[in-house]
Each structure stands twice: as C-alpha cells, then as structure tokens.
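Structural characterization, general
Spelled out, the chains give:
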Amino acid sequence: MNSFRNQVYSVIWHDNAVLLLDQTRIPNEYTFVEISRSEDMAVAIKTMIVRGAPAIGVAAAYGIYLGAREISTDNRDEFLSHLEKVAQMLRSTRPTAVNLFWAISRMMKVAYETLGTVEEIRTALFQTAQAINAEDLQTCQAIGDRGLKALPSHPEKLTLLTHCNAGALATAGYGTALGVVRSAWQHGRLARLFADETRPRLQGARLTAWECVQEGIPVTVITDSMAAHCMKQGLIHAVVVGADRIAANGDTANKIGTYSLALVSKAHNIPFFVAAPLSTIDFSLADGSQIPIEERDPAEIYQIGDTILTPAGAEFYNPAFDITPAELITAIITEKGVFTPGELKHLQEKQTV
Ligand code: MRU
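Bear in mind the structure is a predicted one, so any value in this text is a computation, not a measurement.

Calculation criteria
Within any chain, residue numbers begin from 1 and follow the written order of that chain's sequence. Side-chain atom pairs in this predicted model are given and counted only at pLDDT of 80 or more, local residue features only at pLDDT of at least 70, and totals for whole chains, interfaces and linings cover all residues. Heavy atoms from the whole structure form the basis of all side-chain values; hydrogens and water molecules are not counted. Criterion for a salt bridge: a side-chain nitrogen of Lys or Arg within 4 Å of a carboxyl oxygen of Asp or Glu. Every helix listed is a DSSP run of H or I at least four residues long, and every strand listed is a run of E at least two residues long, numbered separately from the N terminus. Note on exposure labels: buried denotes an accessible area under 20% of the residue type's maximum, exposed denotes more than 50%, and partly exposed covers the range between, all computed with a 1.4 Å probe on protein chains only. All axes are obtained by fitting lines to C-alpha atoms, using only the stretch in contact for helices, and the reported angles, taken between N-to-C directions, cover 0 to 180 degrees. Roughly parallel here means an angle under 35 degrees, roughly antiparallel means over 145, roughly perpendicular means 65 to 115, and every remaining angle is called oblique. Handedness of a crossing is defined here by the sense of rotation of the near helix relative to the far one, left-handed for an anticlockwise turn of less than a right angle and right-handed for a clockwise turn. Contact definition: two residues touch when any of their heavy atoms are within 4.5 Å. In this classification, the charged set is Asp, Glu, Lys and Arg, the nonpolar set is Ala, Val, Leu, Ile, Met, Phe, Trp, Tyr, Cys and Pro, and all remaining amino acids, among them Gly, are polar. Note on terminology: near, applied to a residue and a molecule or strand, indicates that one of the residue's heavy atoms is within 4 Å of it. N or O atoms closer than or at 3.5 Å make up a polar contact, with two conditions inside protein: a donor-capable atom paired with an acceptor-capable one, and, for residues adjacent in sequence, both atoms drawn from side chains. To measure how exposed things are, a 1.4 Å probe is used in the Shrake-Rupley method; for residues, cover is taken only from the protein chains shown. Buried Ala, Val, Leu, Ile, Met, Phe, Trp, Tyr and Cys residues that are joined via side-chain atoms within 4.5 Å together make up what is termed a nonpolar core. Strands are treated as partners if at least two bridges between them are detected by DSSP.

Before going further, it helps to examine the pattern of salt bridges. On inspection of all chains with the given rule, the structure shows twelve salt bridges. Two residues, Arg94 and Glu294, come together in a salt bridge whose shortest N-O distance is 2.9 Å. Of this pair, Arg94 sits in the loop between helix 3 (76-91) and helix 4 (98-113) while Glu294 sits in the loop between strand 13 (281-282) and helix 10 (299-302); the two residues are 200 residues apart in sequence, bridging distant segments of the chain. The residues Arg94 and Glu294 share a single accessibility class, namely buried. Two residues, Arg122 and Glu119, come together in a salt bridge whose shortest N-O distance is 2.6 Å. Separated by three residues within a single helix, Arg122 and Glu119 lie in helix 5 (residues 118-150), roughly one turn from each other. Residue classification places Arg122 among the buried positions, given a relative accessible area of 12%. Residues participating in the shared-partner salt-bridge network are Arg94, Arg201, Glu294, Arg296 and Glu300.

On to the packing of helix 1 (residues 38-46) against helix 3. For any two helices packed against each other, one specifies the inter-axial angle together with the distance between the axes. At a minimum axis distance of 9 Å, the contact between helix 1 and helix 3 shows a crossing angle of 15°. The angle between helix 1 and helix 3 falls in the class roughly parallel. Crossing geometry of helix 1 relative to helix 3 is assigned as right-handed. Contact with helix 1, carried on its side by Ser38, Glu39, Met41, Ala42 and Ile45, involves Val86, Met89 and Leu90 of helix 3 and no other residues of that element. Of the residues that constitute the contact of helix 1 with helix 3, the class distribution is six nonpolar, one polar and one charged.

Every one of the 18 residues lining the ligand counts as a neighbour, but Arg51, Arg94, Asp244, Asn254 and Lys255 are closest to it. Residue Gly52 places a main-chain N or O atom 2.9 Å away from an oxygen atom belonging to the ligand. Arg94 is positioned with one of its side-chain polar atoms (N or O) 2.8 Å from an oxygen atom of the ligand. Alone, the ligand offers 410 Å² of accessible surface; in the complex the protein occludes 99% of this. Of all the elements in the fold, those that place two or more residues in the shell around the ligand are helix 2 (53-70) and strand 11 (252-255).

To continue, consider the nonpolar core. Core analysis: the biggest nonpolar cluster contains 49 residues, and Val18, Leu20, Met41, Ile45, Ile64, Leu83 and Leu125 have the highest contact counts within it. Among the elements of the structure, strand 3 (11-14), strand 4 (17-21), helix 1, helix 2, helix 3, helix 4 and helix 5 are those that each provide at least two residues to this core. The dominant element in this core, judged by the number of residues it contributes, is helix 2, at twelve residues. Discounting chain neighbours no more than four positions away, the residues touching Ile45 are Val50, Ile56, Ala59, Ala60, Leu90, Thr93, Arg94 and Leu100. Listed in part, the 27 residues of the second largest apolar core include Ile222, Val239, Leu261 and Val274.

This next bit is on the sheet that holds strand 10 (residues 245-247). Within the open sheet, the four strands sit side by side as 13-10-11-16. Their pairing is mixed. Edge positions in the sheet fall to strand 13 and strand 16 (321-324), since each of these pairs with one other strand and no more. Bridge count for strand 11 against strand 16 is four bridges, and the pairing is antiparallel. Counted as the bridge partner of Lys255 is Phe321 from strand 16. Together, strand 11 and strand 16 form the strand contacts of helix 9 (residues 258-267), whose direction differs from that of strand 16 by roughly 35°.

Structure follows, in structure tokens:
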C-alpha cells in the first residue's frame, strides 16, 4: 500500500480516510496516522506529521474534502460558508509554503464553481483532491527528468548536496530536489548524495538519509556547518534544494540554512539549483521580502527528547525558513523546464502557469 517500485507515499487515501506516514517518527518507526476529520488534518500539518510544501498542499486538499463531509446541511450557501471556515483553519496551520494556499484555493474554486447539490460539490472536491495528489507525483517525475539534464556534464559521476528533505516524503512521491537526485542515480550520474542534517528538525539526517537508504542511494550525512568545508575540499559538484515559495523575481524561501548554503556555493563556484513545481511560484509577490517566515517553538532548539541543551536564562529565535536571493540561484528546475530566476517573469507573461 505504501510503496510502489521503491516509492514512498506520505499521503494515502485509503478506506474512506487519509493515512499520513508519521514523519515525526522516521527513521525509528514506520507508522501511519489515520485522519478522518479536517481538524485532525490541521493539527497533523501544524505538528509536522506531514510536512514539505507539496505534501502539505495534498494533505490540505484532502482536509477540505474531510471538512465537506462533516458539514451536514443540504443548503448550498450554508455549506459554502461552513467550508470557508474549514479552509481558514487549514490556511492558518503553516504560513510559508505557498502550495498549502494554492491547493486550498483550487479546492475552494471547485466548491464555488460546481453547480448542483451539496453532494455533487462533495464529489467534485474529492475528485479534485485525488487529482492534486496524482498531478504532484507526475510533476515530481518531470522535475527529476528536467533536472537530470540541467546537472553539470562533468564529471560523469556527480556528488550532490541537498538540504532538508525535498523527497517523496515532502511531496506526493518521488520528490523535487530528491527527484533530481533519484533521476541522476537511476541514470548512472550520481556517485553520492551529501545530506545536510538540517537543524533543528533534522529533516536531512532523519528523512533524506532514510529515503536514500531505502533505495540504496549512497548518502553521507553532514552537519549544516560542514558544507563549506566539504566544498573547499572539492567533494561537492552541485547543490540541489527544494522550495516552499518562490517570488516573481526568483527569490526563494526554503528551509532555514538554505541561504547560507547558497552563499558558500557561490564562494566555491558550485552550481546551486532550486527544484520545485510551478505551483510553488507566487507571482503575486515581487520579491522574497514579502514571503511570510514561520517561527516555531523554541523547544525545537533547546530540547532533544527529554534533554534540555541550554542554560536557563538563554533566549531563542527559531525561524523555520530563510530567503535565498535570486542572484545566488543558478537555475530553477520545474516540471515545464529549467529557468534562470530572471526568466520567471517571461513565464508569467506567457501565462503558462
Ligand atoms: O518545515 P518543512 O519540513 O515542511 O520544510 C520543508 C522544506 O523546506 C522543503 O525543502 C520544501 O518544502 C520543499 S519540499 C519538496
């Protein structure tokens, strides 16, 4: 149920409910949480049982459908007004990844535009959630194919570096940045992946390394502060990361630590790629300064398990994402092609998105 041709699925519709692979427990436990209420879906997104921009988009789409099931009225206006409240609850879970808002908007558009009974709206919402899920999987595979062609042609076997987890766990399957890594591996172009551990939530050490081990992709985990040293030693040929939101000028929000990785890549003349679906581009924002940055519980910094790491009296700041300026990005790999940040505006003009 959960894996097909070595693929991992983080969000599965099964037996009238959503199964979420509990990403807070990987790699030590491989368990699913069954979600059948929209409120529980909101909690699962907030607490990062499901995480990664496209995956939370898919989860929120199902969350809207679960909400639609919970509303008991047959009156269309009343139904839509209750559904707005569900949408608002899901929107308030995490502020940075635009895919969440994109998926909810798409679902709500379907709700408003489906003429007919409330039951017909519910059916259309279910079909749309299923479509968002299926499309994301195809999109990731296309990103993998496009990315493979964008990688440096020398040496034949590349060592890539990634940050956080932009893999199957973070999407409907296959992954964006890790999709490029997977394609490189399948085509004999990958020698090894270096995975930044990604403090404080350790998505690289726990999730990216886990996905690689599942598939036999050679992976070396380093702490975030080791990347510059590895580059200086000539160990890294290119960097590929995912994105949570890309502004119209190419400025990119991604997991905290991505910006410093881009700076050290530039200093060592190493190509820095962002891999993301077009749905991650937010053309309504001119640049990255307008992207909201989530700030999370400081306990993520000062506590591991039951152990407190820091002295009483210390203060904390825990932004979950940072903005990498467009000028540090070599190219953005999407399902429709590989673009320099400056080329994004032509995409918008052509209205291909
Ligand atoms: O806080 P997270 O784990 O949801 O952050 C995830 C990332 O930053 C990913 O790199 C991004 O969402 C892209 S996932 C394909």
